[in-house]
Amino acid sequence: MSAAALERPQLVAHAQHALSYTAFECKWVPRSARLLCLGSAPRGTGLLQLYELRGGRLALLREIEKAKPLKCGTFGATSLQQRYLATGDFGGNLNIWNLEAPEIPVYSVKAHKEIVNSIDGVGGLGIGEGAPEIVTGSRDGTVKVWDARQKDSPVANMEPVEGESKRDCWTVAFGNAYNQEERVVCAGYDNGDIKLFDLKTMSLRWETNIKNGVCSLEFDRKDINMNKLVATSLEGKFHVFDMRTQHPTKGFASVSEKAHKSTMWQVRHLPQNRDIFMTSGGAGSLHLWKYEYPAQRSKKDSEGAEMGVAGSVSLLQNVTLSTQPISSLDWSPDKKGLCVCTAFDQTVRVLIVTKLNKV
């Protein structure tokens, strides 16, 4: 191996555990060595499993069965003291659970007419600003923002306008929550549409189309001035948008990269370094990337309007873990380089990514 190869981060499998069901989401429980997996049991119910990492193995702490298969979850909307989990299920329900007493949800609402595909939370992170809000995106074509202090009705509802065909919303993400007033929601759809909703002005701030279904969206940080947004797509490409400078007609500058031979299911930024992110693919692989900023992030066009300048991305490392798609991925917020992923081979895997402080 060359010296350069030895300096590159390595993706080391640390622990793995076979599951008896299809997991759609895995999450680290903040400030703990625990993680959870949620998904669909063979008999059509929902399963939530809580594990603890003990050395090189995962010990099952508890298993909770629910009436409907669980599709997505987030800890983002409550404080680190509470650590409540918000989930979206196949019946269109949004529930918030206290994992210490998970029999009855602490908040429950019939959020959508169809499956909740994606969920994200902001404001409860203990670092950011804003209300304990949750955004949900559904197959019914709507994107809704919920506040658990308000029962039954969303605080915002983004739906197709009259005459516009409804598109399946596959992914949602909060961003720009750097003070109490500002907040945006970004949504990605099955036809390649990306829409940025400004919750302060309750308006559509920007939209674009990346020509293929948008599988995952994530801002590099939710709780800062919008900086970068990564979108992954159905045909193995990702796009990094520089969100600092919005041109009046051209929108945001972006760079795209064809990375996986098949669907790119998810993107997750390293919590301790916002310029490093990981993507998971349909062929069972993980790719670790680094974004490099250009010398100047903006320039003036011929009319004198500010426009952004895209940077470049480089592949740091990749590994193939499974013959099946890796459908879900989460970095530990507490331990740099610790991550968990689930694949459709019904396995949960914990990985350690080394040398992240060298890149």
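Each value, and the rule that gives it
All residue numbers here refer to positions counted from 1 along the written sequence of the relevant chain. The model is predicted, so local features are restricted to residues of pLDDT at least 70 and side-chain atom pairs to those at 80 or more, both for listing and for counting; the totals for chains, interfaces and linings are taken over all residues. Side-chain descriptors were evaluated using all non-hydrogen atoms of the structure, hydrogens and water having been removed beforehand. Whether a residue is buried, partly exposed or exposed follows from its accessible area with a 1.4 Å probe, protein chains only, as a fraction of its type maximum: under 20%, in between, or over 50%, in that order. For the purposes of this entry, the term helix denotes a DSSP run of H or I that reaches at least four residues, the term strand denotes a run of E that reaches at least two, and both are numbered from the N terminus. Only when DSSP finds a minimum of two bridges between them are two strands counted as paired. Under this definition, polar contacts are N or O atom pairs within 3.5 Å; protein pairs additionally need one hydrogen-donor-capable and one acceptor-capable atom, and for neighbouring residues in sequence, both atoms have to be side-chain atoms. Throughout, a residue-residue contact means that at least one pair of heavy atoms, one from each residue, lies within 4.5 Å. Put simply, a salt bridge is a Lys or Arg side-chain nitrogen that is within 4 Å of an Asp or Glu carboxyl oxygen. Lines fitted to the C-alpha atoms define the axes, with helices restricted to the stretch that makes contact. Angles between their N-to-C directions range from 0 to 180 degrees. UniProt positions are given in the numbering used here, feature names are shortened, and annotations may be inferred rather than shown by experiment. Here, nonpolar core means buried Ala, Val, Leu, Ile, Met, Phe, Trp, Tyr and Cys residues that are tied together by side-chain atoms lying within 4.5 Å of each other. Whether two aromatic rings pair depends on their centres lying within 6.5 Å, for rings of Phe, Tyr and Trp, where Trp uses its six-membered ring; planes under 30 degrees apart make the pair stacked, over 60 edge-to-face, and the rest tilted. Charges are assigned to positions over rings by a cutoff of 6 Å between ring centre and Lys NZ or Arg CZ, combined with an angular limit of 35 degrees from the ring normal.

Counted residue by residue, strand 16 (residues 193–198) has six buried out of six residues, so it is predominantly covered. Neither face of strand 16 is open: one carries Asp193, Lys195 and Phe197, the other Ile194, Leu196 and Asp198, and all of them are buried. In this sheet, strand 16 lies alongside strand 15 (residues 184–189) in antiparallel orientation, the contact comprising five bridges. Within strand 16, the residue paired with Ala187 across the bridge is Lys195. In sequence, strand 15 turns back onto strand 16 through a hairpin of three residues, with Gly192 there showing a positive phi of about 95 degrees.

Okay, the side chain of Thr142 next. Within the element layout of this structure, Thr142 appears in the loop between strand 11 (133–138) and strand 12 (143–147). One polar contact links Thr142 to His112, side chain to side chain, over a distance of 2.9 Å. Separated by 2.7 Å, the side chains of Thr142 and Asp140 make a polar contact. Ignoring anything within four residues of it in the chain, the contact list for Thr142 reads His112, Thr136, Gly137, Asn157, Met158, Glu159 and Cys169.

Looking now at unusual backbone geometry. The phi torsion at Asn176 lies on the positive side, around 65 degrees, for a residue other than glycine. Note on Asn176: relative accessible area 4%, which makes it buried. Located in the positive-phi region is Lys211, a residue other than glycine, with phi close to 70 degrees. Mapped onto the elements of the fold, Lys211 is located in the loop between strand 17 (203–209) and strand 18 (214–219). On the basis of relative accessible area, Lys211 is assigned to the exposed category, the value being 73%.

Let's shift gears to the environment of Tyr178. Tracing the chain through its elements places Tyr178 in the loop between strand 14 (169–175) and strand 15. Looking at Tyr178, the relative accessible area reads 32%, which means it is partly exposed.

Under the definition given, this model contains 20 salt bridges. Across the salt bridge formed by Lys200 and Glu182, the nearest N and O atoms sit 3.1 Å from each other. Placement of the pair is Lys200 in the loop between strand 16 and strand 17 and Glu182 in the loop between strand 14 and strand 15, with a sequence separation of 18 residues. Since its relative accessible area comes to 48%, Lys200 is described here as partly exposed. The shortest N-O distance in the salt bridge between Asp198 and Arg205 comes to 3.7 Å. A residue is classified by how much of its surface remains accessible, and Arg205, at 32% relative accessible area, is partly exposed. Here the residues in one salt-bridge network are Asp220, Lys228 and Asp275, joined through shared partners.

This part takes up the sheet that holds strand 9 (residues 107–110). Pairing in this open sheet of four strands is antiparallel, and the strands run 6-7-8-9 from one edge to the other. Looking along the sheet, the strands with just one partner apiece sit at the ends: strand 6 (70–74) and strand 9. Ignoring which end each strand starts from, the neighbouring axes of this sheet average 20 degrees apart.

UniProt annotation of "repeat: WD" (unreviewed entry) refers to residues 134–156 when read in the numbering used here. Annotated as 0% helix and 48% strand, the span residues 134–156 places its first and last C-alpha atoms 10 Å apart.

Moving on, we come to the nonpolar core. With 18 residues, the main nonpolar core has Leu11, Met278, Leu286, Leu288, Trp331 and Val353 as its most contacted residues. Residue assignment for this core shows that the elements contributing at least two residues are strand 23 (273–281), strand 24 (285–292), strand 27 (312–320), strand 28 (326–331), strand 29 (338–343) and strand 30 (347–353). Setting aside residues up to four positions removed in sequence, Met278 forms contacts with Leu11, Gln266, Val267, Arg268, Leu286, His287, Leu288, Leu329, Trp331, Cys339 and Val353. Residues Ala23, Leu47, Tyr51 and Val340 belong to the second largest nonpolar core, which totals 17 residues.

Evaluated as defined, the whole model comprises eight aromatic pairs. Summarising the aromatic geometry, the rings of Trp206 and Phe252 are spaced 4.9 Å apart at their centres and angled 80 degrees between planes, so their arrangement reads as edge-to-face. On the criterion of sequence distance, the pair formed by Trp206 in strand 17 and Phe252 in the loop between strand 20 (237–242) and strand 21 (254–258) is long-range, its members being 46 residues apart. Side by side, Trp206 and Phe252 carry an identical accessibility label, which is buried. On the numbers, 4.8 Å between centres and 70 degrees between planes, the contact of Phe238 with Trp289 is edge-to-face. Here Trp289 lies in strand 24 and Phe238 lies in strand 20, a separation of 51 residues in the sequence. Site record: aromatic cluster; members linked through ring pairs are Phe24, Phe90, Trp265 and Phe344. The ring of Tyr107 has Lys151 sitting right over it, with the charged end atom 5.2 Å from the ring centre.

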